[in-house]
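Listed here are the chains, written in short residue letters.
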Amino acid sequence: MEKSGNSAEPVVYRGLEGILAAETKVGFVDGQEGRLSYRGYDINTLAEQSNYEEVSYLLIYGHMPNQKEYTEYVERLRSESDLPEEVYDLIRKQAGKTHPMTSLRTAVSYLATFDVKESASDPESQEVMAVKLVAKMPTLVGAIHRIFSGKDILKPDRELSYAANFFYMSLGRRPDPMESKMMDTALIIHADHGMNASTFSALVTISTMADMYSAITSAISTLKGPLHGGANERALMMIQAIGSPGNAEKALSEMVERKEKIMGFGHRVYKVYDPRAKILKQYAQYITEKNNKNLFLTANKIEELMINRFGSKGIFPNVDFYSGMVYSALGFKTEIFTPIFAVGRISGWVARSLEYIQDNKLFRPKAKYVGEKGPLKYKPINERD
Ligand code: CMC
């Protein structure tokens, strides 16, 4: 946070750190206690007892669905899960040319073309677009993963749950119960997380009375960066590059010496261990036990060294440190990790966007001008140095 020494001077809060920009009932992040809850339900409880469809409904509509509401919502998601052929074609055309996050951003933007209400901004139309986007996100990312892996696209299987269907469309086989549970939990714990950068981006866009497709295209663009969703793929690449627990100390010291940020550590809000990372760490240990124990042991050593060195500054593993290890062991390619984040986060993005427009106020902060005050004399181009 940057503050001016002179109390009469306006204060600039860099990165809007600590600024309350809206009220919300969707989710709560307690950065000091390391707790995350959605509409009052702790994520550990949701991860153990709920499923993604129910959590998505909870985030969007504000209460746990009863049986009828749940059945109708699941049916809506299933009936909206397929994509227009043109969108599949677009994904095919991008094969080998772009990062999957670029494909996803473009495909979501293109999806709007096939919705007659794509420019509507009334709450009812926004809700319809929101549910369509929740329904289509796993199909989009699944198709992108298939094309990125050189495989044929698989259409949604309506018999499967949201998470199992995403797994199937991405990897070409139905998950076993444990894989299905891990996928479901990963999506649940990524579903919402306060006023993070991509959610804020969605809100800025929706606050202009733009449509939901535009808001989600903004959010995906923002999630792409390595300081936000893009950290998961870089974290795994770093753990793989370090390669063994014995290499960790030297490698980390060199990175710290070069003032590099260690991916998968630190958080704007959490100053303690990220509760999502705790869940993913257990899965990472379980899933690497048979075939890749060394990878987990390397990560664990990095964690130990980082906490010894930076724990007193409030730097601990975040959600992105162990998620990639779980996705990789399930069979996903590294470049698809951030799109998987988007599959989970879609419900939080649309829930908060729908909440925000109920009492809409255009986002329009100010910047403190520190440039030349002028007025400068205009010189024709041939008179300039
Ligand atoms: N490795 C080394 N030092 C770090 C790290 C890190 N991962 N994170 C923060 N620091 C240090 C930073 O160098 C700075 O030190 P100093 O005060 O000496 O200059 C201090 O901690 C504060 O860092 P900051 O970047 O100014 O603080 P922030 O609140 O803007 O940081 C963050 C939040 C997530 C951008 C940062 O921790 C970071 O860059 N982490 C690595 C990327 C990452 O893992 N991102 C995923 C975040 S969680 C998922 C999500 O929300 O998308």
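Before any of the text, the structure's been laid out above.
Source: prediction; values computed, not measured.

Trainee: Where do I start with the environment of Asn300 in this structure?
Mentor: With respect to the element layout, Asn300 can be found in helix α14 (residues 293-310). Looking at Asn300, the relative accessible area reads 27%, which means it is partly exposed. Taking the C-alpha atoms as reference points, Asn300 and Arg384, separated by 84 residues in sequence, lie 59 Å from one another. Residues contacting Asn300, with those up to four places away along its chain left out, are Lys281 and Tyr322.

Trainee: Help me understand helix α10 (residues 212-223), please; the structure alone is not making it clear to me.
Mentor: An α-helical turn contains 3.6 residues, so any two residues separated by three or four positions project in the same direction. Over its twelve residues, α10 extends 16 Å from the first C-alpha to the last, a length consistent with the 16 Å expected when each residue adds 1.5 Å. One side-chain oxygen at the N-terminal end of α10 lies 3.0 Å from the backbone nitrogen of Tyr213; it belongs to Asp211.

Trainee: I'm lost on the pattern of salt bridges in this one. Help?
Mentor: Pairs can form between side chains of opposite charge once their charged atoms are near each other. In the structure shown here, the tally under the stated rule is 18 salt bridges. Between Lys368 and Glu9 there is a salt bridge, with the nearest N and O atoms lying 3.3 Å from each other. Of this pair, Lys368 sits in the segment after α16 (337-357) while Glu9 sits in the segment before β1 (27-30), and the two are 359 residues apart along the sequence. Across the salt bridge formed by Arg173 and Glu179, the nearest N and O atoms sit 2.8 Å from each other. Among the ionic contacts, a cluster of salt bridges with common partners joins Asp82, Glu85 and Lys155.

Trainee: Help me understand the packing of aromatic side chains, please; the structure alone is not making it clear to me.
Mentor: Scanning all chains against the criterion turns up 14 aromatic pairs. Here Phe296 and Tyr322 contribute two aromatic rings whose centre-to-centre distance is 6.1 Å and whose plane-to-plane angle is 35°, an arrangement assigned as tilted. Taken together, the residues span a long stretch of sequence, with Phe296 in helix α14 and Tyr322 in helix α15 (residues 319-330) at a distance of 26 residues. Taken as a pair, Phe296 and Tyr322 share a single burial class, namely buried. An angle of 55° between the planes, with centres 5.7 Å apart, marks the rings of Tyr327 and Phe337 as tilted. Taken together, the residues span a long stretch of sequence, with Tyr327 in helix α15 and Phe337 in helix α16 at a distance of ten residues. An aromatic cluster is built from Phe166, Phe167, Tyr327, Phe332 and Phe337, whose rings are joined through pairwise contacts.

Trainee: How do you make sense of the site of the ligand when you look at a structure like this?
Mentor: In the vicinity of the ligand, 19 residues are found, and the nearest of them are His228, Lys261, Ile262, Phe265 and Arg268. In the model, an oxygen atom of the ligand is placed 2.4 Å from a nitrogen or oxygen of the His228 side chain. One nitrogen or oxygen atom from the main chain of Ile262 is found 2.7 Å from a nitrogen atom belonging to the ligand. Calculation on the ligand without its partners gives an accessible area of 920 Å², and the protein chains cover 69% of this total. Looking at side-chain class alone, the shell around the ligand contains nine nonpolar, six polar and four charged residues.

Trainee: Is there a simple way to think about the pairing of β1 in this case?
Mentor: Two faces make up the sheet, and in a regular strand the side chains alternate between them. Pairing of β1 with strand β2 (residues 35-38) involves four bridges; the strand directions are antiparallel. Its bridge partner being in β2, Phe28 is matched across the sheet by Ser37.

Trainee: Help me understand empty space enclosed by the protein, please; the structure alone is not making it clear to me.
Mentor: If a probe the size of a water molecule is rolled over the atoms, the empty space left behind becomes visible. One pass over the full model with this rule turns up two cavities of 30 Å³ or more. The calculated volume of the largest cavity comes to roughly 150 Å³. Lining the largest cavity are 16 residues, and of these Leu77, Arg78, Ser81, Tyr162 and Asn165 sit closest to its centre. For the second largest cavity, the full set of lining residues is Ile91, Gln94, Ala95, Gly96, Thr98, His99, Pro100, Ser103, Ile144, Ile147 and Phe148. Mapped by element, the contributors of at least two residues to the lining of the second largest cavity are α5 (100-111) and α6 (123-148). It is α6 that provides the largest number of residues to the lining of the second largest cavity, a total of three residues. When the residues that make up the lining of the second largest cavity are grouped by side-chain class, the tally is six nonpolar, five polar and no charged.

Trainee: Help me out: how do you make sense of the sheet that holds β1 in this one?
Mentor: Note on sheets: strands pair through backbone hydrogen bonds, and any given pair is parallel or antiparallel. Reading across the sheet, the three strands line up as β1-β2-β3 and stay open at both edges, with antiparallel pairing between neighbours. Each end of this open sheet is capped by a strand with a single partner; those strands are β1 and β3 (41-42). The pairing of β2 with β3 spans two bridges and is classified as antiparallel. Within β3, the position partnered with Ser37 by the bridge is Asp42.

Basis of the calculations
Residues numbered from 1 in each chain as written. Predicted model: local features only at pLDDT ≥ 70, side-chain atom pairs only at ≥ 80, totals over all residues. Heavy atoms only, no water. Helix = DSSP H or I, 4+ residues; strand = E, 2+ residues; numbered from the N terminus. Buried < 20%, exposed > 50% of the residue type's maximum accessible area, 1.4 Å probe, protein only. Contact = heavy atoms within 4.5 Å. Expected span 1.5 Å × (residues − 1). Polar contact = N/O pair within 3.5 Å; in protein donor to acceptor, adjacent residues only side chain to side chain. Salt bridge = Lys/Arg side-chain N within 4 Å of Asp/Glu carboxyl O. Phe/Tyr/Trp six-rings, centres within 6.5 Å; stacked < 30°, edge-to-face > 60°. Near = heavy atom within 4 Å. Areas by Shrake-Rupley, 256 points an atom, 1.4 Å probe, with all protein chains shown as cover. Nonpolar A, V, L, I, M, F, W, Y, C, P; charged D, E, K, R; others polar. Pairing = 2+ DSSP bridges. 1 Å grid on protein atoms, 1.4 Å probe; cavity = no way out; pocket = protein on both sides within 12 Å on 5 of 7 lines; lining within 4 Å. Points joined across faces, edges and corners; volume = space filled by probe spheres on them.

Remember, this is a structural readout, not a statement about activity or role.
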